[in-house]
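Take a look at the letters that make up each chain.
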Amino acid sequence: MTAPLLQARNLSVDLFTVRSALRPVDDVSYSVGQGETLAIVGESGSGKTVLNFAPIGLMPTGVVTDLHGSLRFEDIELVGLPAARMRRIRGGRIGTIFQDPMSALNPALRIGRQIAEVAELHLGMTSVQAEARALDLLKLVRMSDPESRLRQYPHELSGGLRQRAMIAIAVAAEPKLLIADEPTTALDVTVQAQIIALLKDLQKRLDTAIVLITHDMGVVASIASKVAVMYAGRIVEYGSVDQVLLEPRHPYSTGLIAALPRPEDKAGTLFRGLPGAPPIMGAPQPGCPFAPRCPLVVDYCTDVRPPLAPAPTGSAAACHVVNDVPHREMAHA
């Protein structure tokens, strides 16, 4: 059996600032195979971005991270890896697409130069070779008028074109893993579909694995092969996209999917949101963190933390009630 490209085992992340200390990622395990797409979904503040960016050293200035457990990429343990070696991997073997390309791109450098820098640093190209590669990459990401775009600055591009430029930078060194943080959030529906189609095409061409951070279940359904549902820093459900979206086990997953708009909804239909709010990060969380919002809560949910256990569907869920009763009984609870 082929080893996973990326594998987390009992990974936790502690963050420290001048004012506070908290654990936004708590005992998380998952794996991603070569050419596979794992979607990590959940509400804002669930720990999705920290889970993926803290281990590769992409946290804001002034935030100190302390990692526990294991995160292996290829045959390299990323937890505890020296910063100099991490810099060689990040941007080369691991590419990143950020949520807001306007803040991620350098406003003082032309688009072509920003792409060329990656090729020079990670592929050892000369400036002439790197500029030629930058043009090829803009064509690869289907940038309109790529010759002109090379000479433009980020502020001269639309949101969709900036995202394409961000993707070109991310794949410039042909990474084995691409981490995409909400890559379609700020785009209109038509451009969102174009970006998702582009990612799928690039994945097929380069055989790149993708970790997609998102809250958009429509995007998950269109591109993911596996899904990890996060809540309060923990994975509460994990399985194939069909298992999780079509037959969710955890009541949080069920609530997220139930909140999606439906074609039959008429104008004025009430929003089917989850009641309550996620717990305050850093506060003690005995038992199941979803218990205060859960329609299936029982007494021991507030005392005992549920493990991520195999479910009959082939997925895994961290829920006392779901893993103690048949799914058909839960559906009528």
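Residues numbered from 1 in each chain as written. Predicted model: local features only at pLDDT ≥ 70, side-chain atom pairs only at ≥ 80, totals over all residues. Heavy atoms only, no water.

**Student:** For this particular structure, what's the right way to read the side chain of Arg234?
**Tutor:** Checked against the element boundaries, Arg234 lands in strand E10 (residues 234-240). Within the structure, the side chain of Arg234 is placed 3.4 Å from the backbone oxygen of Gly287, a separation counted as a polar contact. Sequence-distant contacts of Arg234, defined by excluding residues within four places in its chain, comprise Asp26, Val28, Val229, Gln285, Gly287, Pro289 and Arg305. (Helix = DSSP H or I, 4+ residues; strand = E, 2+ residues; numbered from the N terminus. Polar contact = N/O pair within 3.5 Å; in protein donor to acceptor, adjacent residues only side chain to side chain. Contact = heavy atoms within 4.5 Å.)

**Student:** I would appreciate a short explanation of the layout of surface pockets in the present structure.
**Tutor:** Approximately 500 Å³ is the volume found for the largest pocket. Lining the largest pocket are 21 residues, and of these Gly91, Thr96, Val118, Met166 and Ile169 lie nearest its centre. Residue assignment for the lining of the largest pocket shows that the elements contributing at least two residues are strand E6 (94-97), helix H3 (101-104), helix H4 (111-123) and helix H7 (159-170). Here the lining of the largest pocket is built from residues that sort into eleven nonpolar, seven polar and three charged. Taken as a whole, the second largest pocket encloses approximately 290 Å³ of empty space. (1 Å grid on protein atoms, 1.4 Å probe; cavity = no way out; pocket = protein on both sides within 12 Å on 5 of 7 lines; lining within 4 Å. Points joined across faces, edges and corners; volume = space filled by probe spheres on them. Nonpolar A, V, L, I, M, F, W, Y, C, P; charged D, E, K, R; others polar.)

**Student:** How should I be thinking about helix H5 (residues 127-140) in this particular structure?
**Tutor:** Side chains of residues three or four places apart in an α-helix project in the same direction, reflecting 3.6 residues per turn. Relative to the 20 Å expected for 14 residues at 1.5 Å per residue, H5 spans 20 Å between its end C-alpha atoms, a close match to the ideal helical length. Here H5 has its buried residues at Ala130, Arg133, Ala134, Leu135, Leu137 and Leu138. Packing partners of the buried residues in H5 comprise H4, helix H6 (146-149) and H7. Arg142 occupies a position one or two residues after H5 and carries a positive phi of about 60°. (Expected span 1.5 Å × (residues − 1). Buried < 20%, exposed > 50% of the residue type's maximum accessible area, 1.4 Å probe, protein only.)

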